[in-house]
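Here's the letter readout for the chains.
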Amino acid sequence: MTEPALFCTTYLTGRARERLAARFVLHVQPWLDSHPPRLLSEEELATAAAECGARAVVVEADVVGAEFLERAPGVAVVAATRGDPWNLDVAAATAAGVLALRTPGRNARAV
């Protein structure tokens, strides 16, 4: 059985990357690596997730709302923001039955 895929628009390093790589085929495309830095639209994010067969996406600044949730049914969302998940429409995710996770204190050790 093939491991599920994860599409990520933020940097993954160290133990977090190792742990995720043990469970997922990683497709990492940090938004800050674009020149100039560019966020994906909901349509682009859904297309990228579909192209790699992602069962989950990790977003740092890309907005995930009803359009993404409609285009990518059943894909779990991790809002890797540094506070409340301002970029995730939690009500739309809940209505769509999509698991939405957040990562509080994501860079607390670095700070």
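Residues numbered from 1 in each chain as written. Predicted model: local features only at pLDDT ≥ 70, side-chain atom pairs only at ≥ 80, totals over all residues. Heavy atoms only, no water.

Trainee: Quick one: what's the story with the overall build of the protein, residue by residue and with numbers?
Mentor: When its secondary structure is counted, the protein shows four helices and five strands. Helices (α) and strands (β) of the protein occur, in sequence order from the N terminus, as β-α-β-α-β-α-β-α-β. For the protein, contacts bridging at least 24 residues in sequence account for 39% of all contacts bridging at least 6. (Helix = DSSP H or I, 4+ residues; strand = E, 2+ residues; numbered from the N terminus. Contact = heavy atoms within 4.5 Å.)

Trainee: Describe in detail unusual backbone geometry, supporting the description with residues and values.
Mentor: Cis geometry marks the peptide bond from histidine 35 to proline 36; its omega dihedral reads 0°. Secondary-structure assignment places proline 36 in the loop between β2 (25-28) and α2 (42-52).

Trainee: So, the nonpolar core: which residues are in play, and what are the values?
Mentor: Judged by nonpolar contacts, the single largest core of 21 residues is most densely connected at Phe7, Leu45, Val57, Val64, Phe68, Leu69 and Val77. Sorting the residues of this core by element identifies α2, β3 (54-59), α3 (66-71), β4 (76-79) and α4 (90-96) as the ones contributing at least two each. For this core, the element with the most residues is α2, which contributes five residues. Contacts of valine 64, omitting those with residues within four sequence positions, involve Glu42, Leu45, Val59, Leu69, Val77, Asn87, Leu88 and Asp89. Cys8, Leu12, Ala76 and Ala80 belong to the second largest nonpolar core, which has nine residues in total. (Core = buried A, V, L, I, M, F, W, Y, C linked by side-chain atoms within 4.5 Å. Buried < 20%, exposed > 50% of the residue type's maximum accessible area, 1.4 Å probe, protein only.)

Trainee: Tell me what's going on with α2, and back it up with residues and numbers.
Mentor: Along α2, the residues classified as buried are Glu42, Leu45, Ala46, Ala48, Ala49 and Cys52. Each buried residue of α2 lies within a common arc of 160° when the element is viewed along its axis, so the set occupies one face. With respect to the buried face of α2, the exposed residues turned more than 90 degrees away are Ala50 and Glu51. On its buried side, α2 packs onto β1 (5-8), β2, β3 and α3. Of the residues trailing α2, glycine 53 is marked for its positive phi of about 70°. (Arc of directions from axis to C-beta.)

Trainee: Please provide a residue-by-residue account of the environment of alanine 95, values included.
Mentor: With respect to the helices and strands, the residue alanine 95 is situated in helix α4. As for alanine 95 and leucine 69, which are separated by 26 residues in sequence, their C-alpha atoms are 9.7 Å apart.

Trainee: Lay out the environment of valine 98 in plain terms, naming residues and giving numbers.
Mentor: Relative to the helices and strands, valine 98 is located in the loop between α4 and β5 (100-102). Each residue touching valine 98, except ones within four places of it in the same chain, is listed here: Leu69, Gly74, Val75, Ala76, Val77 and Ala93.

Trainee: Any details on the environment of alanine 92? Residues and values, ideally.
Mentor: Secondary-structure assignment places alanine 92 in helix α4. Residues alanine 92 and leucine 69, 23 residues apart in the sequence, show an inter-C-alpha distance of 7.6 Å. Residues in contact with alanine 92, not counting those within four places in the same chain, are Ala66 and Leu69.

Function-wise, these values are silent; they only describe arrangement.
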